[in-house]
Amino acid sequence: MQIFNFKFREKLSETLKAVLPILIIVVFLCFTITPVPTSIMMTFMVGAVLLILGMLLFNVGVEISMTPMGERAGSIITRSKNLLLIVVLGFILGFVITISEPDLQVLANQVPSVPNIVLIVSVALGVAIFLVIAILRMLFGIGLSHLLLIFYAIVFILTIFVPQDFLAIAFDSGGVTTGPMTVPFIMAFGVGIAAIRSDKDAENDSFGLVSLCSVGPILAVLILGIIYNPEQTEHISESIVMVEDTVELWKLFMKGFPTYIVEIAISLLPIVVFFGILQLITREINKKTLIKIGIGLAYTYIGLVLFLTGVNVGFMPAGNYLGGAIASLPYAWIIVPIGMIIGYFIVLAEPAVFVLTKQVEEITSGAISSKAMRNSLSIGVAVSVGLAMLRVLTGLSILWLLIPGYFIALILTFFVPKIFTAIAFDSGGVASGPMTATFLLPFAMGACEKLGGNIITDAFGIVAMVAMTPLITIQIMGLIYKFKERKLHKKAGYTKPVMSLDTYGDMEIIEL
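This one's a predicted model, so the numbers in the text were calculated from it and none came from an experiment.

As for the overall build of the protein chain
Counting its regular elements, the protein chain contains 20 helices and 0 strands. Looking at the protein chain as a whole, 59% of its 512 residues qualify as buried. In the protein chain, the share of contacts with a sequence separation of at least 24, taken over all contacts with a separation of at least 6, comes to 87%. Here the protein chain has roughly 20700 Å² of accessible surface; of this, 69% comes from carbon and sulfur atoms.

In structure tokens:
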């Protein structure tokens, strides 16, 4: 009981530090340059309370349930040493988790030219195939940078043949399919697989699963764009619901709860069934640990229900209204710096970001601190949101930003320690989570609508931008670490040439 109380205090402190800056920024804007109706303000504040409670329970639950489940599943499957079994189970895991990801349903509804079930199944197949590729990469020690270079080259070649209206949605799909449900389990799954290996690069290779799983959906949706060749993808703007009193406010949230109670149950079920079957076969986990995992799953479930209800019901209308109000100002350009400030802080409120930064700190024994990771992610997302707001103002094609951005990111992979490349590309998928989809995207859509732009081509794509810039900022952090290591190398008086650094493992370099 004492351990649980400590975890709650620790996670509450982290949650408040992540969420309070966003609340302060939004409240400041509402009381100064962008006044909003009292109805929207009340809805936002109730949503914020649910978000804080949801994040608190989710973060505690993930640590005591999803992480050990993923690690045990990865190690059990790998220990079988049956390559066919590993491939088949990896494919099934990738498919069922993606099918149940709530954010994928949202994406499917935005693409009227393709039937929902076709899009969902195609994206799930993409994730499943690339999860298998990621597992095989870890087992055979294949370099991540070479795979990323090949697959992203294919992605950008395909963009030549896909209609412009489809591009932003295709790149956004890479972010929405690596959500708070799938990321904790997949990342822990990778740690479990890596634990079987005994070489010095095993821990480094535990990262990279999310990065490869993010490529599959992009390729799947691009291929669908070629097959269906949609002439026009229309987006129907939903009206913002106004409430007259507290009773109507209560009814608004009560209407949202049943939706997410069902969605999260469907999302968790495949993971629980998958793990349950493994446990029945192997009987590796004792009763006490299973009870602890069960309690953690309950926390995770309740936390995600509260979180998604809060952000979808409370944050979406506030984001949409704020974006439109700022774009209506005589100095609409101010939306760029405001977007950057919001982006800097909002990434810290993403549930999966807590999971990633904590796992990075643990795997590297504190050499890469969670604080350094959070700062790098915040800077990256701030830049990406600023660029996304620039697209809203100018109608600039997303390819003018994505092609040079990914080119820089892929070139950096050849100059930084491998672990930073894997962490950077994992961070891209993790940063673009539900907070981006439910606040930043409506924010961009509201601004785009007021400015008379094309919502599909100009507002969509913000998820893709948020997923791209951390690839650069975290690898730059890797370059800084490497530069510091070289200085220490020289200061220590070693006579070996600098090129001999390549003979050291990445963890050895970082520890120095």
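Looking at the packing of helix α13 (residues 351-363) against helix α16 (residues 418-431)
It is at 9 Å that the axes of α13 and α16 come closest, and there the two elements cross at 160°. Of the possible angle classes, the one that applies to α13 and α16 is roughly antiparallel. As α13 runs across α16, the sense of the crossing is right-handed. Across the interface between the two elements, A352, V353, L356 and V360 of α13 pack against I423, D426, S427, V430 and A431 of α16. Along the lines of polarity and charge, the residues of the contact of α13 with α16 split into 7 nonpolar, 1 polar and 1 charged.

Notes on the packing of aromatic side chains
Within the structure shown, the criterion is met by 10 aromatic pairs. The interplanar angle of 45° and the centroid separation of 6.3 Å between the aromatic rings of Y152 and F425 together place this pair among those described as tilted. Of this pair, Y152 sits in helix α6 (residues 144-158) while F425 sits in helix α16, placing them 273 residues apart in sequence. Of the two residues, Y152 and F425, neither departs from the other in class, the shared state being buried. Aromatic pair F315 and F439: ring centres 5.9 Å apart, planes at 70°, arrangement edge-to-face. Note that F315 is positioned in helix α11 (residues 287-327) and F439 in helix α17 (residues 434-451), a separation of 124 residues in sequence. The buried category is assigned to F315, whose relative accessible area is 1%.

With respect to the side chain of T357
Note that T357 resides in helix α13. Looking at T357, its side chain comes within polar contact range of the main-chain oxygen of V353, at 2.9 Å.

Some words on the packing of helix α9 (residues 209-228) against α16
As a packed pair, α9 and α16 sit with axes 7 Å apart at the nearest point and diverge in direction by 60°. Viewed along their axes, α9 and α16 adopt a mutual orientation that is oblique. In the crossing of α9 with α16, the sense of the turn from one axis to the other is left-handed. Contacts between α9 and α16 involve L209, V210, S211 and S214 from the first element and F425, D426 and G429 from the second. Counted by class, the contact of α9 with α16 contains 3 nonpolar, 3 polar and 1 charged residues.

Considering the confidence of the model for the protein chain
With 87% of its residues at a pLDDT of 70 or more, the protein chain shows a mean pLDDT of 82. No element of the protein chain has a lower mean pLDDT than helix α20 (residues 506-511), at 46, and none a higher one than helix α12 (residues 335-346), at 93. Every residue in residues 495-504 scores below 50 in pLDDT, and together they form 12 contacts with partners more than four places removed in sequence or on other chains. Segment residues 506-512 is flagged for pLDDT under 50; beyond a separation of four residues in sequence, or across chains, it makes 19 contacts in the model.

A look at helix α3 (residues 83-99)
Compared with an ideal rise of 1.5 Å per residue, which puts 17 residues at 24 Å, α3 spans 24 Å between its outermost C-alpha atoms and is within 8% of the ideal. Sitting at the head of α3, N82 places a side-chain oxygen 3.2 Å from the backbone nitrogen of L84.

Concerning the nonpolar core
Among the nonpolar cores identified, the biggest contains 165 residues, and F185, F315, I342, M373, M389 and F439 are the most heavily contacted of them. Sorting elements by how many residues they give to this core places helix α2 (residues 38-79) first, with 16 residues. Excluding residues within four positions of it along the chain, F185 makes contact with M66, M69, G70, A73, L93, I97, I271 and F274.

Some details on the side chain of N59
Assignment of secondary structure puts N59 in helix α2. Look at N59 and you get buried, because its relative accessible area is 5%. Setting aside its immediate chain neighbours within four residues, N59 contacts K11, T15, P351 and F354.

Here is what the cut-offs are and how they apply
- Residues numbered from 1 in each chain as written.
- Predicted model: local features only at pLDDT ≥ 70, side-chain atom pairs only at ≥ 80, totals over all residues.
- Heavy atoms only, no water.
- Helix = DSSP H or I, 4+ residues; strand = E, 2+ residues; numbered from the N terminus.
- Buried < 20%, exposed > 50% of the residue type's maximum accessible area, 1.4 Å probe, protein only.
- Contact = heavy atoms within 4.5 Å.
- Areas by Shrake-Rupley, 256 points an atom, 1.4 Å probe, with all protein chains shown as cover.
- Axes fitted to C-alpha atoms, helices over the stretch in contact; angles between N-to-C directions.
- Parallel < 35°, antiparallel > 145°, perpendicular 65-115°, else oblique.
- Left-handed = near helix turned anticlockwise from the far one by under 90°.
- Nonpolar A, V, L, I, M, F, W, Y, C, P; charged D, E, K, R; others polar.
- Phe/Tyr/Trp six-rings, centres within 6.5 Å; stacked < 30°, edge-to-face > 60°.
- Polar contact = N/O pair within 3.5 Å; in protein donor to acceptor, adjacent residues only side chain to side chain.
- pLDDT = per-residue confidence, 0-100.
- Expected span 1.5 Å × (residues − 1).
- Core = buried A, V, L, I, M, F, W, Y, C linked by side-chain atoms within 4.5 Å.

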